[in-house]
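Residue-level structural notes
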Amino acid sequence: MSYKNISLTSKLPNVGTTIFTVMSALAAEKNAVNLGQGFPDFDCDPELVNAVTRAMQSGFNQYPPMAGVPALREVVASKISVLYAHDYSAMTEITITAGATQAILTAILAVVHAGDEVIVLEPCYDSYVPNIELAGGMPVRVPLTPGTFRPDFDRIAAALTPKTRAIIINSPHNPSGTVWTALEMQQLETLLTSTNVLLISDEVYEHMVFDGHSHQSAASYPGLAERAFVVSSFGKTFHVTGWKVGYVAAPAFLSHEFRKVHQFNVFTVNTPMQHALAHYMCNPAPYSTLSNFYQAKRDLFRAGLAQTRFKLLPCEGSYFQSVDTSEVSPLSEADFCKWLTTEVGVAAIPTSAFYGDGFDHHVIRFCFAKKNETLEKASTRLSTL
Ligand SMILES: Cc1ncc(COP(=O)(O)O)c(C=O)c1O
């Protein structure tokens, strides 16, 4: 690429405007109900906002310690200890990040060298592959089983080579809502034992697991925890995606390398939000009741779609409901989403956007992190299909 007489080689030649931006813009233009991009359309607990205000008024407005406000790291460490039975040191093993996105990029930059291979399980969150490429690594794309989106350990095993530096997993899964079972975590643990492969475990939807099941954190499996960056997002958990605050928990030797990159990347994360979260998280209720909160929304939305010709895929966790559109239309996922937004007035995201090769199997994703009235409005519009 060149501009006037200045030439430039893009570091990310394949990256364009994301489908999320495209669909959100189309949704706004067509006045569609936006069930595309994954963010709540309702407010967070006012108590959390008050806690930020109090923190700012108390003078917490300057740089915090590089790894994060100690009180927040403590409360995260104790949450993980209670829920996942693994004791991380708040001092050396928990780092507060600018959302999960920065945590994942930083982990990759910290450990992936030029030419290293990193396995991603497709469909996957859209930042993973560009992050690997920025580090000079080679993304190795392994599909989750089409239709069920469960990990295929034979294919993962076949993708491991002496050059494999890391594997990235994501449960509960965006876009499919699949939640890894204990058995699947154990299978991964067995596969990685005796390898040098690191794990980046994207657990941003950890507090949204339905039907009485529980989240299986990599932290709970010693053979995984010893090699894992466990990543989470306060934005997802507390309905504040715009705050961009998350954390990474990792053994000291990994956290040490992580922090070297972190300190020259963002250095620190905004102070008042961290103090507010530290205070707010002393009460576990907001995150321990989140699964029930979202399960009710999932059930409302699924009931609304029950009479349509969409085939509802299981939704075990996260705030995404996938549907198979093949009974409704022969259009490709992307064209169907554009048609749905324009003609029916509901925006969704094509699953093909989460595959490097645009693999299309007529599955689209709706986000149900919305007010009940929004979900009801969308269901009424979709009920004609
Ligand atoms: C699977 C997954 N990982 C990471 C993120 C990013 O989280 P954050 O907003 O905390 O950066 C998202 C957000 O959509 C996501 O779905």
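Anything mentioned here points back to the structure above.
The following paragraphs examine the structure supplied in this document. Worth saying up front: this structure is predicted, and the values here are computed from it rather than measured.

**Some words on the packing of aromatic side chains**
Each aromatic ring pair is described using two quantities: the centre-to-centre distance and the angle formed by the ring planes. Overall, the coordinates contain 21 aromatic pairs when judged by the stated rule. Pairing Phe 301 with Phe 366 gives two aromatic rings, centres 5.4 Å apart and planes at 75 degrees, and the pair type is edge-to-face. Placement of Phe 301 in helix H13 (residues 290-305) and of Phe 366 in strand S15 (residues 363-367) is noted, with a sequence separation of 65 residues between them. Here Phe 301 and Phe 366 have matching classes, each one buried. One aromatic cluster is present, built from ring pairs that chain together Phe 42, Tyr 205, Phe 210, Phe 293, Tyr 294, Tyr 319, Phe 320 and Phe 368. In this arrangement the basic side chain of Lys 79 is found over the ring face of Tyr 287, its NZ or CZ atom lying 5.8 Å from the centre. We note Lys 370 situated over the ring of Phe 39; from NZ or CZ to the ring centre the distance is 4.2 Å.

**Describing the packing of H13 against helix H15 (residues 372-382)**
H15 packs onto H13 with a crossing angle of 15 degrees between their chain directions and a minimal axis gap of 9 Å. The orientation of H13 relative to H15 falls into the category roughly parallel. Relative to H15, the crossing made by H13 is right-handed. From H13, Lys 297, Leu 300, Phe 301, Gly 304 and Leu 305 reach across to H15, where they touch Asn 372, Leu 375, Glu 376, Ser 379 and Leu 382. Considering only residue class, the contact of H13 with H15 consists of 5 nonpolar, 3 polar and 2 charged.

**As for the site of the ligand**
Around the ligand, a shell composed of Gly 99, Ala 100, Thr 101, Tyr 125, Asn 170, Asn 174, Asp 202, Val 204, Tyr 205, Ser 233, Lys 236 and Lys 244 is seen. Contact between the ligand and Asp 202: a nitrogen atom at 2.6 Å from a side-chain N or O atom of the residue. One of the side-chain N or O atoms of Lys 244 is found 2.6 Å from an oxygen atom in the ligand. When the free accessible area of the ligand is taken as 400 Å², the share hidden by the protein chains comes to 93%. More than half of the atoms belonging to the ligand lie within 2 Å of the grid points that define the second largest pocket. Sort the elements by how many residues they give to the shell around the ligand and helix H4 (residues 99-111) lands first, with 3 residues. Split into classes, the residues belonging to the shell around the ligand amount to 4 nonpolar, 5 polar and 3 charged.

**A short note on the side chain of Thr 268**
By secondary structure assignment, the location of Thr 268 is in the loop between helix H10 (252-263) and helix H11 (271-280). Overall, the relative accessible area of 13% leaves Thr 268 in the buried class. Beyond its immediate stretch of four places on either side in the chain, Thr 268 contacts Tyr 63, Pro 64, Pro 65, Met 66 and His 262.

**Some details on the pairing of strand S4 (residues 94-97)**
In S4, alternate side chains face the same way, and those of Ile 94 and Ile 96 on one face and Thr 95 and Thr 97 on the other are all buried. One ladder, built from 4 bridges, connects S4 with strand S10 (residues 246-249); its direction is antiparallel. Within S10, the residue paired with Thr 97 across the bridge is Gly 246.

**Concerning the sheet that holds S15**
Strand order in the open sheet formed by 4 strands is S11-S12-S15-S14, with antiparallel pairing between adjacent strands. The sheet is open, and its two borders are formed by strand S11 (311-312) and strand S14 (349-350), each paired with just one other strand. Sheet analysis places S14 next to S15, joined by 2 bridges and oriented antiparallel. Bridging from a neighbouring strand, Ile 349 pairs with Arg 365 of S15.

**Some remarks on the packing of H4 against H10**
The axes of two packed helices give the description: the angle between them and the distance between them. Where H4 meets H10, the closest approach of the two axes is 8 Å, and the angle between their N-to-C directions is 105 degrees. The orientation of H4 with respect to H10, classified from their angle, is roughly perpendicular. Counting all contacts with H4, which are made through Gln 102, Ala 103, Thr 106, Ala 107, Leu 109, Ala 110 and Val 111, the residues of H10 involved are Leu 254, Glu 257, Phe 258, Val 261 and His 262. Class assignment of the residues belonging to the contact of H4 with H10 gives a composition of 8 nonpolar, 3 polar and 1 charged.

The rules we used
- Residues numbered from 1 in each chain as written.
- Predicted model: local features only at pLDDT ≥ 70, side-chain atom pairs only at ≥ 80, totals over all residues.
- Heavy atoms only, no water.
- Phe/Tyr/Trp six-rings, centres within 6.5 Å; stacked < 30°, edge-to-face > 60°.
- Helix = DSSP H or I, 4+ residues; strand = E, 2+ residues; numbered from the N terminus.
- Buried < 20%, exposed > 50% of the residue type's maximum accessible area, 1.4 Å probe, protein only.
- Lys NZ or Arg CZ within 6 Å of the ring centre and 35° of its normal.
- Axes fitted to C-alpha atoms, helices over the stretch in contact; angles between N-to-C directions.
- Parallel < 35°, antiparallel > 145°, perpendicular 65-115°, else oblique.
- Left-handed = near helix turned anticlockwise from the far one by under 90°.
- Contact = heavy atoms within 4.5 Å.
- Nonpolar A, V, L, I, M, F, W, Y, C, P; charged D, E, K, R; others polar.
- Near = heavy atom within 4 Å.
- Polar contact = N/O pair within 3.5 Å; in protein donor to acceptor, adjacent residues only side chain to side chain.
- Areas by Shrake-Rupley, 256 points an atom, 1.4 Å probe, with all protein chains shown as cover.
- 1 Å grid on protein atoms, 1.4 Å probe; cavity = no way out; pocket = protein on both sides within 12 Å on 5 of 7 lines; lining within 4 Å.
- Sits in = over half its atoms within 2 Å of the grid points.
- Pairing = 2+ DSSP bridges.

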